[in-house]
Amino acid sequence: QVRIVLSGDELPRGEEALIVCNHRTRIDWMFMWCLCLRLGLLDTMKIVLKDSLKSWPAFGWAMQSFMFVFLARDKSKDLEHMEDVLHYHTSNAHPLSLILFPEGTDLSDINIERSNNYAIQNKLPKYKYVLHPKVVGWSRSVALLRDTCKAVYEVTIAYHDFQEGERPSELGLLAARYPTEVHLHVQRHKMSLLPEAPAELEQWCRQSFSRREKRLQQFYTGPKRFGAEVPSPLSQDECEGEWRMAVVFWFVASSFSALSLLLLFGWVWALGAAGVWLVLTRLGGADAIELRLHGEQGVYASLRGENEQKKIN
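Described in the following lines is the structure provided in the data block. Note that the structure is predicted; figures quoted are calculated from it, not measured.

Calculation rules
- Residues numbered from 1 in each chain as written.
- Predicted model: local features only at pLDDT ≥ 70, side-chain atom pairs only at ≥ 80, totals over all residues.
- Heavy atoms only, no water.
- Pairing = 2+ DSSP bridges.
- Helix = DSSP H or I, 4+ residues; strand = E, 2+ residues; numbered from the N terminus.
- Axes fitted to C-alpha atoms, helices over the stretch in contact; angles between N-to-C directions.
- Contact = heavy atoms within 4.5 Å.
- Phe/Tyr/Trp six-rings, centres within 6.5 Å; stacked < 30°, edge-to-face > 60°.
- Buried < 20%, exposed > 50% of the residue type's maximum accessible area, 1.4 Å probe, protein only.
- Lys NZ or Arg CZ within 6 Å of the ring centre and 35° of its normal.
- Salt bridge = Lys/Arg side-chain N within 4 Å of Asp/Glu carboxyl O.

**Focus: the sheet that holds strand E2 (residues 17-21)**
Turning to step 1, where the next piece is worked out: Read from one edge of the open sheet, seven strands run E1-E7-E6-E2-E5-E3-E4, paired in mixed fashion. With one partner strand each, in any of the chains shown, strand E1 (3-8) and strand E4 (69-71) form the two edges of the open sheet. Averaged over all pairs of adjacent strands, the angle between strand axes in this sheet comes to 20°, irrespective of strand direction.
Turning to step 2, where the next piece is worked out: Pairing of E1 with strand E7 (residues 181-190), which is carried by six bridges, proceeds in the parallel orientation. Among the inter-strand pairings, Ser7 is bridged to a residue of E7, identified as His185.
Turning to step 3, where the next piece is worked out: Those strands touched by helix H1 (residues 28-39) are E1, E2, strand E3 (45-50), strand E5 (97-100), strand E6 (151-160) and E7, and its axis lies near 125° from that of E6.
Turning to step 4, where the next piece is worked out: Contacts between helix H7 (residues 198-221) and the sheet are confined to E2, E6 and E7, with E6 contributing the most and set at about 30° to the helix.

Right, dumping it as structure tokens:
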């Protein structure tokens, strides 16, 4: 069993927030689900992910349907896409808590080397425990969510590894090599107190990762804890109850749907459904199709605009 340890500020329950975290491993986002469960934010949570993950069978298809933010690491396209997706959520009054990893990738040796080369070129300090963040996406996220999110949660994630220095991974989880503890240190910043100028926001993000570097150095070279543990807004019993309800619901719903359709149509349906999702993904994904239909510049928005213009005329 993996123990989740929260420290830092005591947080309110169910507060919509921009959640910003360092990215030590490829599976950090799984433990961010644990954080959101404890904060009562699972129903509002969206994650900014790399575009290749939408091709994952089942998981990627589900994330497309939930309108997560997929980025192709092309700044000219990614900022526009992020704006479209976030505007889709906020304009439809969908509660939204966004999880963002500004480093853009995990803390592998090659990524540390690239980050330090960037630091040398730009006369910045070298880091060991974090990477230099990509600040433009962060700045744009704040601008887009300033009116809907009340706070920014500055999260620092650290692990008690299965073996010293073994970063958790997907293969490690399959081999039951789980971290024994995951520590989440959260500092709450009022959105209204963050700077508004993009350059100042970008500098704020850089400083937050400088703070994380020092905090993580103290963690890994010291007692391997951030400070006093704080209670989560949801009690342990509430968390376990919600988790059981979610597991039971999805197991029953998925099993019933799959069994019903297999009995009616056999394996033809299963292969057909997989084929449909593969085609949808090749066309950009269910999320992109939804934006083309219902986004700010989508088909239905254009039709509404034409109808309103006709009424005026």
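**Looking at the packing of aromatic side chains**
Turning to step 1, where the next piece is worked out: By the definition in use, this model includes seven aromatic pairs.
Turning to step 2, where the next piece is worked out: Centroid distance Phe219 to Tyr220: 4.9 Å. Interplanar angle 75°. Geometry classified as edge-to-face. In this structure, Phe219 and Tyr220 share a single accessibility class: buried.
Turning to step 3, where the next piece is worked out: Aromatic rings pair up to connect Tyr129, Phe219, Tyr220 and Phe226 into one cluster.
Turning to step 4, where the next piece is worked out: Sitting over the face of the ring of Trp204, Arg211 holds its NZ or CZ atom 5.5 Å from the ring centroid.
Turning to step 5, where the next piece is worked out: Sitting over the face of the ring of Phe209, Arg212 holds its NZ or CZ atom 4.4 Å from the ring centroid.

**Re the pattern of salt bridges**
Turning to step 1, where the next piece is worked out: As enumerated under the stated definition, the model contains 15 salt bridges in all.
Turning to step 2, where the next piece is worked out: Ionic pairing is found between Glu229 and Arg3, a salt bridge with its closest N-O pair at 2.8 Å. With Glu229 in the loop between H7 and helix H8 (236-265) and Arg3 in strand E1, the pair connects residues that are 226 residues apart, well separated along the chain.
Turning to step 3, where the next piece is worked out: Residue Glu229 is classed as partly exposed on the basis of its relative accessible area, which comes to 46%.
Turning to step 4, where the next piece is worked out: Put simply, Asp51 and Lys54 hold a salt bridge, and the shortest N to O gap is 3.8 Å.
Turning to step 5, where the next piece is worked out: If you follow the salt bridges from partner to partner, you end up with Arg3, Glu181 and Glu229 in one network.

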